[in-house]
Every structure is written in structure tokens, then in C-alpha cells.
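# Tertiary structure, described
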Amino acid sequence: MDGSDGATVPPPLAAEIEGAEDLIHHWDSTFSPSCNRMVFDGGDRTDAVSNSPAGSRSSPKKSPAPVRNIQIEILRLEDEFRHILVSRASNFEINSLVELGSLSLDRSRSGDRMQELSDADAEEESFQRQRSEGSSSNHATSYRSTSSIREIDLLPSDAVNKLRNIADRLIAAGYDRECFQVYGGVRKSVVELCFNHLGIEKLSICDVQRLEWGTLESKIRRWIRAARACFRIIFASERRLCDQIFDGLSGDDTPFVESVKSAAIQLLSFAEAISIGRRSPEKLFKVLDLHDALTDLLPDIAIIFQSRALESINTQVVEIIARLSESVRGILSEFENAILREPSKIPVRGGTIHPLTRYVMNYISLISDYKQTLTQLINSRPPAANLLLGNNSGGVLPDMELPEPVNQSPLASHLIWIIYILQFNIENKAQEYKDASLSHLFLTNNLHYIVQKIKGSMELNEVIGDEYPRKLTAKFRQLATSYERTTWMKVLYCLRDEGLHVGGSLSSSVSKSSLRERFKAFNAAFEEVHRTQSIWSVPDSQLREELRISILEKLLPAYRSFLGRFRHHIESGRHPEMYIKYSTDDLEIALADLFEGCPPPLLGRRKSH
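Residues numbered from 1 in each chain as written. Predicted model: local features only at pLDDT ≥ 70, side-chain atom pairs only at ≥ 80, totals over all residues. Heavy atoms only, no water.

### Examining the overall build of the protein
Assigned secondary structure in the protein consists of 23 helices and two strands. Across the 609 residues of the protein, 49% fall into the buried class. Across the protein, every contact between residues at least 6 apart in sequence was considered, and the portion connecting residues at least 24 apart equals 80%. (Helix = DSSP H or I, 4+ residues; strand = E, 2+ residues; numbered from the N terminus. Buried < 20%, exposed > 50% of the residue type's maximum accessible area, 1.4 Å probe, protein only. Contact = heavy atoms within 4.5 Å.)

Quick look at the structure:
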């Protein structure tokens, strides 16, 4: 055989080259079409290791194999590398990963390390049980726990060893870039398949921001579960596999970068779109969920993407968390302004609890559930004076002073401020009622509801404290008294003695005509209140009963005393039933119709006699 320069090659060296060519031809299906055998994956590895020019790392001077034959060998090694990656991949259940990934071990919020370890053991047992019940793979899949990261074996150990052996030879021969491309292409496809199973869509930032909130809300919930599975299991396992194959062979993180970087960027683009989206009150809680999920994942992300080539992933996550934090503060401020500006002027029927009051109190009850996060994010108090001066629509401010912010967290100040401007808005809406009694009852209902929502939430009560609810309680009791005075003083006024005696003296005889008119006035006043206020509404049963009892305690003794003094004057005349229409029992029965929010039965049918 001739050398490349036309000189004759010595027989021993020619024989060595011929042997290498025979081995390469033995591997290469272009020379032996019937041969599909993989040398590293089940073939005779002795030939590959001892005679391969790349594998033996022999000097080109001692083994000057032709360039074409070396390329054939390299291509064959790349094919076998790809074949093992594809054919030996372990099957695992994506649904199991989602369930496991959603079980977050939030180290920052866990005060019991033993409980954390116990939870980790329970998760491992659950995963192994799901694997044994649901997987059809013939490969044994191991599972190990490192803090909240859960790594699984993506390839069996013998396949990993073969891949490392091939990678060693390819990199030693200077074909590291080709090796990394083959590895990255295969593993990237696997990661993309996992994304599809997890429901992670390829949406641009504009696509995300165009979605309706109802759709986006469900996608955020799904994304959080998928992100935990991706970072703590899929990406972590890809990192582990890459280290097993290339550790010590590659000077950088190129194989891992090829495998997961584009997928990680795609995954994070959704969270980034939320972080820069429009700030509206209904988004607060999902934004908080997203913030908490990424904050919880950040230590794991820092471990998995720790190399310089991937530091942009860490940076992006930190920036998204910062923007989500700012979004939370902006949404809270927007919520406060929205309450102050809420424009509805139509009075709610029957003076019941206004929808705004229900919405706001339910909203801040949910806010208090996130108090640990919000205490960290809310670091300034609301600019109350500026808000009132800038947005006062001409209404009268509530007669209530805000508590002094002594030992009060910024979050507590914001929540109290929200309730304060709600009260301000409700005070303005109360002025739309033409009936002063109904206006008082409306305010009583709403302030009572606010107090009960505070007391009914341990978290909210803990944040706000006791001082402000006490002031609100005093306020709604004062309003209830104002309601009673406005309504029932007119009725009780009919039961006075003045004007009934001839000559004006209490010792003089009673004017029967005046007495008849007085009874008629009382009957008319009481019937009007009964007819009108039975359709008024007090939704809280305890408050409703308290109001009825308070009315009974004032009305019945006065009516009983009036009857005792004057009924014989009426009963001695003609048609006494036209004037004395009700006994005290009748009045008590009739008062049970008040505040039910529906038309009452005819008052005559409720009489006890």
C-alpha cells in the first residue's frame, strides 16, 4: 500500500492499517449491509477498545490511518452514541412526576426539620409505589432525594457507562462538538416531549398577555405544578445524567446547555409575561402564587444552573421574582384606588350588605392568607392623605380616625387603610337612601359585616389587631341606635300622655276623642313601620335578633303602660276594636317579621286574639 506522499509503506505498518480498515468496515454498514450490530451496545467491545484508532489514542505517526477511514469510525461512534441514548432511555410516568413535583418542600417556611425529612421519605415511597404500579418499563428506575430536588435515572447504569466510553473516544479524537450536538439533540427532544405531556405550551409574551384572565388563571395553576416537576425532577435529572457521562471529559457545560437551556427559557417566558402584564386586582393571588413558587424554586435552580454558561437562567429567575414583587405592590395600590373610586350610586335593596363590602372583605381575607410573603414585599405604608385629597369625590369622610401606626406593620397599615376607604365609600353610598332609617340600617349592616369578617379570620385578625375592630364595633352600635331613634321615636311619640287631658292638666279628665286619635295614630305608625321594614334586610341572624330585642324592650313596656292607663276609656265606648287593635303579644309577633327582606303577611292575621 502506498502512503500519502507516494512512498512505499513498510509491510508491518501496512498490515496494521489494513487491520484497522477491516475493523472499520466490520462496523460500517456501507461495507457490510447485513451488519447492524452495535459494538458498544451488545457487540464485541474488545475490538473497539483495542484496535480503534480513536480508542487506542495511538500516535498518528505510528498509525497513520487514512482520513476517510477515521471519519467512518467517528460517524459510526456517533451513530452508536445516538442509538444508545434513544434505545436505552428509561420510561417514566409523566403524571407521577407532576404529582411529585407539586409537593413542594418549602424550606423557608418549615420550622420542623424532622417533619421535612419525614415528608421527603413519604414522597419517595409514593413515587416508588406509582412507578411499580404504573410503569411498563423493563429498566429499574432508582430515585434519590436531595433536599427538594428529586433525581431519577434517565438511563440504566450500563448504558451510561457505554455512553461515557464512546464520549471519551470522540472527545479525545477532537470531535467533542459533534458529540455534544448528538447528545443535546436527543436529550432536548426528550425534554420537549416531557413539556408536551406537562401541558407547557409555546406561547410568546404577547400570546400570554392576550389571554382572558379566566383562561390565564388556570394556565398559571398548571404552570406552577409543571415548573416544580421540570426544575426539581426533569432538569435536575438531566443535569445528573450529563455529569455521569461527561464529568471530567468536557471543560464546560455545553452538553447540558444543548439539552435544556432553550426549554428553560421557554418555561420562564410564561412567568415573565405575567410579571410585566397589566396590574388588576383579580390577578393578585395568582401573581403571589407564582412569586412564591419561583422563590421556593430559586435555590434549586441555582444548584442545577450553576455554571457560567447558564447563569443567565438564574439571573432571569431573580429578575422575574423582582418584577412579580413590584407587580404585587402595584396591584395592591390599584385595588385601594379602585375601592375609593367605585362609582355605583344605586342603593342596594333593603339596606342589605353592599356587594362592594363583600368583595373587599373577602379579598383582604385572602390577602391575610399570604401574610408571610406580603409582610416581606410590602415595605411602605399607604399615602393616605394624598389619596384622600386626590380622589375625594365630594363625600363626607367617615367619622373614624385611623389607628396610630405604632408597632404596626406596613401590611397591617394597608389592610386597615383598605377597610377605611371602604367605609368612606359606604358612607357616601348611604347618602343615596331617602329614608334616614334605612340609611342607618345600611351602614349598620355593612360595618357589622366588616367586623365579623375580621373576627372570623384568625390570620386577618392577627394582622390587623384588636384596636380598629373595636372602633368599628362602637361605630355600628352607634348607627343601630340612630336607626332605632329615627324609626321608633315616631311610634313611641304616639304613646305619650301629653295632649290627652281636658284643660291640659294630667289630673283632669281624659278627652276620649283625643285618646281615640292617639290610638289610631299609633296603629297607623306601627303598621307603616311593619309594612316597610319587613322588606328591609338584616342578613346576619344574630344582628337581626339583637335589633328586634332592642326594639321590643323599648316598645312593649311603653305600649303596655299606655294600655293600662287608658284602655278602659276606649272599651267603655263604641267599637273599641277599631282603636285598640293590638295586644302586646300581637306587637311581639309582628316584630318578628322585621328585617326578613320579603313582604310580610297581613298584620291582622298575625294577631294573637
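Having seen it, we continue.
### A short note on the packing of aromatic side chains
Here a ring pair, both rings aromatic, is described through the centre-centre distance and the interplanar angle of the planes. Evaluation of the coordinates by the stated rule reveals 23 aromatic pairs. When the ring of Trp223 is compared with that of Phe270, the centres are 6.0 Å apart and the planes differ by 25°; the resulting orientation is stacked. Here the residue Trp223 occupies a position in helix 10 (residues 213-246), and Phe270 occupies one in helix 11 (residues 254-275), the gap between them amounting to 47 residues. The exposure class assigned to Trp223 is buried, which follows from its relative accessible area of 5%. Ring geometry for Phe522 against Tyr559: centres 4.7 Å apart, planes inclined by 15°, an arrangement best described as stacked. With Phe522 in helix 21 (residues 512-533) and Tyr559 in helix 22 (residues 541-571), this residue pair connects regions lying 37 residues apart in the sequence. By the burial criterion, Phe522 is buried, and Tyr559 matches it. It is Arg239 that lies over the ring of Phe256; its NZ or CZ is 4.2 Å from the centre. The ring of Tyr493 has Arg496 lying over it, and the distance from NZ or CZ to the ring centre is 3.7 Å. (Phe/Tyr/Trp six-rings, centres within 6.5 Å; stacked < 30°, edge-to-face > 60°. Lys NZ or Arg CZ within 6 Å of the ring centre and 35° of its normal.)

### Topic: empty space enclosed by the protein
In this structure the tally under the stated criterion is four cavities of 30 Å³ or more. Roughly 150 Å³ of internal volume is contained in the largest cavity. What lines the largest cavity is a set of 13 residues, and nearest its centre among them are Gly199, Ile200, Glu201, Trp223 and Phe270. If you list the elements that add at least two residues to the lining of the largest cavity, you get helix 10 and helix 11. Each residue belonging to the lining of the largest cavity can be placed in one class, and the counts come to seven nonpolar, three polar and three charged. (1 Å grid on protein atoms, 1.4 Å probe; cavity = no way out; pocket = protein on both sides within 12 Å on 5 of 7 lines; lining within 4 Å. Points joined across faces, edges and corners; volume = space filled by probe spheres on them. Nonpolar A, V, L, I, M, F, W, Y, C, P; charged D, E, K, R; others polar.)

### Remarks on the environment of Pro599
Mapped onto the elements of the fold, Pro599 is located in the segment after helix 23 (584-591). As a C-alpha pair, Pro599 and Arg531 span 68 residues in sequence and 7.3 Å in three-dimensional space.

### A word on the pattern of salt bridges
Oppositely charged side chains may form a pair once their charged atoms are brought near each other. Under the criterion given, the structure shown has 29 salt bridges. Between Arg88 and Asp158 there is a salt bridge whose closest N-O contact spans 3.1 Å. Remark: Asp158 occurs in helix 7 (residues 157-172) and Arg88 occurs in the loop between helix 4 (67-87) and helix 5 (94-101); sequence separation between them is 70 residues. Judged by its relative accessible area of 15%, Arg88 is buried. Between Asp497 and Arg565 there is a salt bridge, with its nearest N and O atoms 2.5 Å apart. With a gap of 68 residues between them, Asp497 in the loop between helix 20 (467-493) and helix 21 and Arg565 in helix 22 connect regions that are remote in the sequence. A residue is classified by how much of its surface remains accessible, and Arg565, at 32% relative accessible area, is partly exposed. If you follow the salt bridges from partner to partner, you end up with Arg544, Glu545, Arg548 and Glu596 in one network. (Salt bridge = Lys/Arg side-chain N within 4 Å of Asp/Glu carboxyl O.)

### Points about unusual backbone geometry
A positive phi angle is found at His575, which is not glycine, with a value near 50°. Tracing the sequence through the fold places His575 in the loop between helix 22 and helix 23. The exposure class of His575 is partly exposed, given its relative accessible area of 43%. For Phe595, which is not glycine, the phi dihedral falls at a positive 65°. Here Phe595 is to be found in the segment after helix 23.

### With respect to helix 7
Owing to its 3.6 residues per turn, the α-helix brings residues three or four apart onto one side. Taking 1.5 Å of rise per residue, 16 residues should cover 22 Å, and helix 7 covers 22 Å from first to last C-alpha, within 8% of that figure. Among all positions of helix 7, only Ala159, Val160, Lys162, Leu163, Asn165, Ile166, Ala167, Arg169, Leu170 and Ile171 are buried. Backbone geometry just downstream of helix 7 places Gly174 in the positive-phi region, at approximately 90°. (Expected span 1.5 Å × (residues − 1).)

### Observations concerning the packing of helix 13 (residues 311-341) against helix 17 (residues 410-430)
Direction vectors running N to C along helix 13 and helix 17 enclose 20°, while the axes themselves pass 8 Å from each other. Relative to helix 17, helix 13 is oriented roughly parallel. The handedness of the crossing between helix 13 and helix 17 is left-handed. Along its contact with helix 13, which presents Leu332, Phe335, Glu336, Ile339 and Leu340, the element helix 17 presents His414, Trp417, Ile418, Ile421, Leu422, Phe424 and Asn425. Residues of the contact of helix 13 with helix 17, tallied by class, amount to nine nonpolar, two polar and one charged. (Axes fitted to C-alpha atoms, helices over the stretch in contact; angles between N-to-C directions. Parallel < 35°, antiparallel > 145°, perpendicular 65-115°, else oblique. Left-handed = near helix turned anticlockwise from the far one by under 90°.)

### A look at the nonpolar core
Ranked by internal contacts, the top residues of the largest apolar core, which has 155 residues, are Phe81, Phe235, Phe246, Phe305, Ile367 and Trp488. Per element, the largest residue contribution to this core is 17 residues, and it comes from helix 10. Not counting chain neighbours up to four residues away, the residues in contact with Ile367 comprise Leu284, Phe285, Leu332, Leu374, Leu411 and Leu415. (Core = buried A, V, L, I, M, F, W, Y, C linked by side-chain atoms within 4.5 Å.)

### Quick notes on the side chain of Asn425
By the secondary structure assignment, Asn425 is in helix 17. Side-chain polar atoms of Asn425 contact the backbone oxygen of Ile339, separated by 2.6 Å. Side-chain polar atoms of Asn425 contact the backbone oxygen of Glu342, separated by 3.4 Å. Excluding its chain neighbours within four sequence positions, the residues that come into contact with Asn425 are Ile339, Leu340, Glu342 and Leu356. (Polar contact = N/O pair within 3.5 Å; in protein donor to acceptor, adjacent residues only side chain to side chain.)

### So, the environment of Leu284
Inspection of the secondary structure puts Leu284 in helix 12 (residues 284-304). Its relative accessible area of 1% is what places Leu284 among the buried residues. Beyond its immediate sequence surroundings of up to four residues, Leu284 is in contact with Val328, Ile331, Tyr363 and Ile367.

### Some words on the confidence of the model for the protein
Averaged over all residues, the pLDDT of the protein is 79; the fraction at 70 or higher stands at 73%. The least confident element of the protein, judged by mean pLDDT, is helix 6 (residues 113-134) at 38; the most confident is helix 18 (residues 436-456) at 96. This stretch, residues 1-10, has a pLDDT under 50; its non-local contacts, to residues over four places away or in other chains, come to nine contacts. Segment residues 43-63 is flagged for pLDDT under 50; beyond a separation of four residues in sequence, or across chains, it makes 33 contacts in the model. (pLDDT = per-residue confidence, 0-100.)

### Comments concerning helix 10
The sharpest bend along helix 10 measures roughly 40° and falls at Cys230. Of all 34 residues in helix 10, 25 are buried; the element is thus mostly enclosed. Of the residues one or two after helix 10, Gly248 is the one with positive phi, at around 85°. (Bend = angle between axes of the 7 residues up to and from the residue.)

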